[in-house]
Amino acid sequence: MTSLILLVFGVAAVAAVPIAHALLMAAMAAAATSDRVPLDLLVQQMVAQVQSFPLIAIPFFMLTGALMMGGKLGESLIGVLSSLIGRFHGGPAQVGVLSSTLFGGVSGSAVADASAIGSLLIPWQKRLGYPPAFSAATLAAAATIDILIPPSIPMILFALSSNTSVASLFVAGLLPGFLLCGGFMFACWWVGRRRNFPRDTTPLDWTRFRRQLAYASPALLLPVLIIAFLRFGIATPTEVAVLSTLYAGLVSALIYRDLGLKRLHHAVVEAGLATGVVLLVIMASAAIGWLLTFDRMPDGVVGWAQAHLESGWSVILMMNLLMLVCGMFIDLPAAVLLLTPVFVPLANAIGMDLVQLGIMMTVNLAVGLYTPPVGTTLFITSAVAKVKVGETVRELGPFYLVAFGVLFLVSYFPSLILH
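Keep in mind the model is a prediction, meaning the values are calculated, not measured.

Caption draft 1: Region of interest: empty space enclosed by the protein. Per the counting criterion, the structure on display carries 2 cavities of 30 Å³ or more. There is about 30 Å³ of room inside the second largest cavity. Lining the second largest cavity we find T144, L180, F184, V363, A366, V367, Y370 and A403. Broken down by secondary-structure element, the contributors of at least two residues to the lining of the second largest cavity are α11 (174–194) and α18 (354–368). Take the lining of the second largest cavity: its biggest share by element is 3 residues, from α18. Tallied by class, the residues present in the lining of the second largest cavity amount to 7 nonpolar, 1 polar and no charged.

So this is what it looks like as structure tokens:
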């Protein structure tokens with residue numbers, strides 16, 4: 001059964017069938033050719049997976065991001081950062097990295113980050129004289145910080161699949177997210193200095209800067225509130241998601257006064273469509289995960305690893321290599337839902353904390369978002385910059401080095417993230 005699932009899914013993926021539909025095709029093919037799997041039971045497993053209270057957080061976090069970054073706030077936030085660091089080597093590119101880090105505390109979606117911030121920053125950087133491919137590369141990589149800085153939709157999906165605490169994952173993702181931010185900013189500075197990229201040399205107007213900072217402070221406060229509420233047990237992640245949406249709506253309506261019915265409708269539709277895609281992937285992945293477990297595939301992987309791999313570090317290396325390969329071809333939510341049931345028994349066998357596994361998986365699969373052939377943020381930023389994907393990939397070398405460095409630390413030095 002496992003072989004048939006992999007075959008059908010592989011053929012469908014090569015044929016450019018959407019990932020959710022490819023997973024459904026593989027599940028239905030396996031069920032149709034097996035007399036041990038009733039089709040109605042398979043459908044029950046698919047439906048049961050989305051009847052989960054924590055999943056309610058996903059549409060609300062997406063709606064929060066659409067409300068906060070769809071109006072005046074996004075431009076104000078970028079104005080603050082460009083005034084502060086735009087004059088340094090690689091400063092305009094560093095603005096993109098910091099914007100993604102701050103936006104990560106609002107939406108939890110790398111794709112939303114790449115779309116929203118890319119459309120604002122890439123034209124500005126091109127006007128300054130930045131190579132469009134480098135601008136696209138910077139934002140393609142920086143957008144993935146979004147899924148490490150709470151809230152994080154992939155972490156919610158991992159928690160759902162592994163019965164791990166969402167709050168613990170959110171807190172553990174902070175340091176790796178900040179490490180990526182610092183590393184990417186250093187890469188921008190190094191490349192900007194080596195290639196003498198143009199800078200915004202306008203003198204800093206402190207009065208204007210303080211005004212911009214005060215204007216953007218409601219958005220900067222939201223990530224702090226989310227972490228505080230989770231860390232001190234004031235609210236559950238789902239309750240925090242609802243509260244953050246309410247906060248975003250009130251801020252947009254009362255402070256920025258740019259929340260009209262048209263923008264509210266657009267934000268709700270955008271969040272609803274994105275949530276529908278995620279839920280379809282969850283249902284399809286649930287069917288595949290249940291079939292693989294029914295066929296005892298995770299037990300087979302654990303048995304093979306125990307027989308052929310001698311130490312915990314080699315098991316971690318094997319998991320990382322598999323995740324890197326899968327991340328290159330499968331969308332991140334689907335990869336999380338497919339790999340978690342396989343890797344949780346392996347992690348338990350070597351004594352790895354599941355929170356560490358969740359962070360390692362998130363960092364690892366995030367690299368796939370800007371790695372060909374199926375890099376979502378890579379394609380989005382390349383399209384915004386109007387450059388070929390190959391040109392963007394050639395500029396990504398320093399960012400890959402930083403990401404692999406953080407992945408190494410997360411994989412082999414768990415004390416950095418576990419508290």
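Picking up where we left off.
Caption draft 2: View of the packing of helix α2 (residues 19–32) against helix α3 (residues 39–49). At a minimum axis separation of 10 Å, α2 and α3 run at an interaxial angle of 150°. Taken as axis vectors, α2 and α3 run roughly antiparallel relative to one another. The two elements α2 and α3 meet at a crossing, and its hand is right-handed. Together, L24, A27, M28 and A31 of α2 and L39, L42 and M46 of α3 make up the contact between the two elements. By residue class, the composition of the contact of α2 with α3 is 7 nonpolar, no polar and no charged.

Caption draft 3: Quick peek at helix α21 (residues 397–412). Between its terminal C-alpha atoms α21 stretches 23 Å, which fits the 22 Å expected from 16 residues at 1.5 Å a residue. Regarding α21, the residues found buried are F399, Y400, V402, A403, V406, L407, V410 and S411. Angularly, the buried residues of α21 cover 165° about the axis, an arc narrow enough to put them on a single face. Its buried side turned inward, α21 meets α8 (132–142), α11, α16 (312–329) and α18.

Caption draft 4: Representation of the packing of aromatic side chains within the structure. A complete count under the given rule lists 9 aromatic pairs for this structure. Centre to centre, the rings of Y370 and Y400 are 5.4 Å apart; their planes meet at 15°, and the pair counts as stacked. Taken together, the residues span a long stretch of sequence, with Y370 in the loop between α18 and α19 (376–385) and Y400 in helix α21 at a distance of 30 residues. Y400 shares its class with Y370; the two are buried. Note on F408 and F413: the rings are 5.9 Å apart at their centroids and 65° apart in plane angle, and the pair reads as edge-to-face.

Caption draft 5: Quick peek at the nonpolar core. If you look at the biggest cluster of nonpolar residues, it comprises 134 residues, and the most contacted ones within it are F184, M319, F343, L357, M360 and Y370. When residues in this core are grouped by element, the largest group, 12 residues, is from helix α17 (residues 332–350). The residues contacting M319, other than those within four sequence positions of it, are F343, L346, I350, M352, L357 and M360.

Caption draft 6: Representation of the pattern of salt bridges. Applying the stated rule across the entire model yields 1 salt bridge. Between R195 and E395 there is a salt bridge, and its shortest N-O distance comes to 2.8 Å. In this pair, R195 sits in the loop between α11 and α12 (206–231) while E395 sits in the loop between α20 (389–394) and α21, placing the two residues 200 residues apart along the sequence. Exposure remark for R195: the relative accessible area of 33% places this residue in the partly exposed category.

Caption draft 7: Fine view of the side chain of S252. Among the structural elements, S252 can be located in helix α13 (residues 237–256). Within polar-contact distance, the side chain of S252 engages the backbone oxygen of A248 at 2.9 Å. Setting aside chain neighbours within four positions, we find S252 in contact with L67, R257, D258, L259 and R263.

Caption draft 8: Inspection of a nonpolar patch on the surface at higher detail. Together, L175, L179, F408, F413 and L416 make up an exposed nonpolar region whose accessible area comes to about 410 Å². Here F408 shows up in helix α21.

Caption draft 9: Highlighting unusual backbone geometry. Here N196, not a glycine, exhibits a phi torsion of approximately 55°, which is positive. Structurally, N196 is set in the loop between α11 and α12. On the accessibility criterion, N196 (59% relative accessible area) is exposed. Of note in this structure, K386 is not a glycine but carries a positive phi near 60°.

About the criteria used
Residues numbered from 1 in each chain as written. Predicted model: local features only at pLDDT ≥ 70, side-chain atom pairs only at ≥ 80, totals over all residues. Heavy atoms only, no water. 1 Å grid on protein atoms, 1.4 Å probe; cavity = no way out; pocket = protein on both sides within 12 Å on 5 of 7 lines; lining within 4 Å. Points joined across faces, edges and corners; volume = space filled by probe spheres on them. Helix = DSSP H or I, 4+ residues; strand = E, 2+ residues; numbered from the N terminus. Nonpolar A, V, L, I, M, F, W, Y, C, P; charged D, E, K, R; others polar. Axes fitted to C-alpha atoms, helices over the stretch in contact; angles between N-to-C directions. Parallel < 35°, antiparallel > 145°, perpendicular 65-115°, else oblique. Left-handed = near helix turned anticlockwise from the far one by under 90°. Contact = heavy atoms within 4.5 Å. Expected span 1.5 Å × (residues − 1). Buried < 20%, exposed > 50% of the residue type's maximum accessible area, 1.4 Å probe, protein only. Arc of directions from axis to C-beta. Phe/Tyr/Trp six-rings, centres within 6.5 Å; stacked < 30°, edge-to-face > 60°. Core = buried A, V, L, I, M, F, W, Y, C linked by side-chain atoms within 4.5 Å. Salt bridge = Lys/Arg side-chain N within 4 Å of Asp/Glu carboxyl O. Polar contact = N/O pair within 3.5 Å; in protein donor to acceptor, adjacent residues only side chain to side chain. Patch = residues over 30% accessible without salt bridge, like charges linked within 9 Å, V, L, I, M, F, W, Y side chains within 5 Å. Areas by Shrake-Rupley, 256 points an atom, 1.4 Å probe, with all protein chains shown as cover.

The analysis is restricted to geometry; functional conclusions fall outside its scope.
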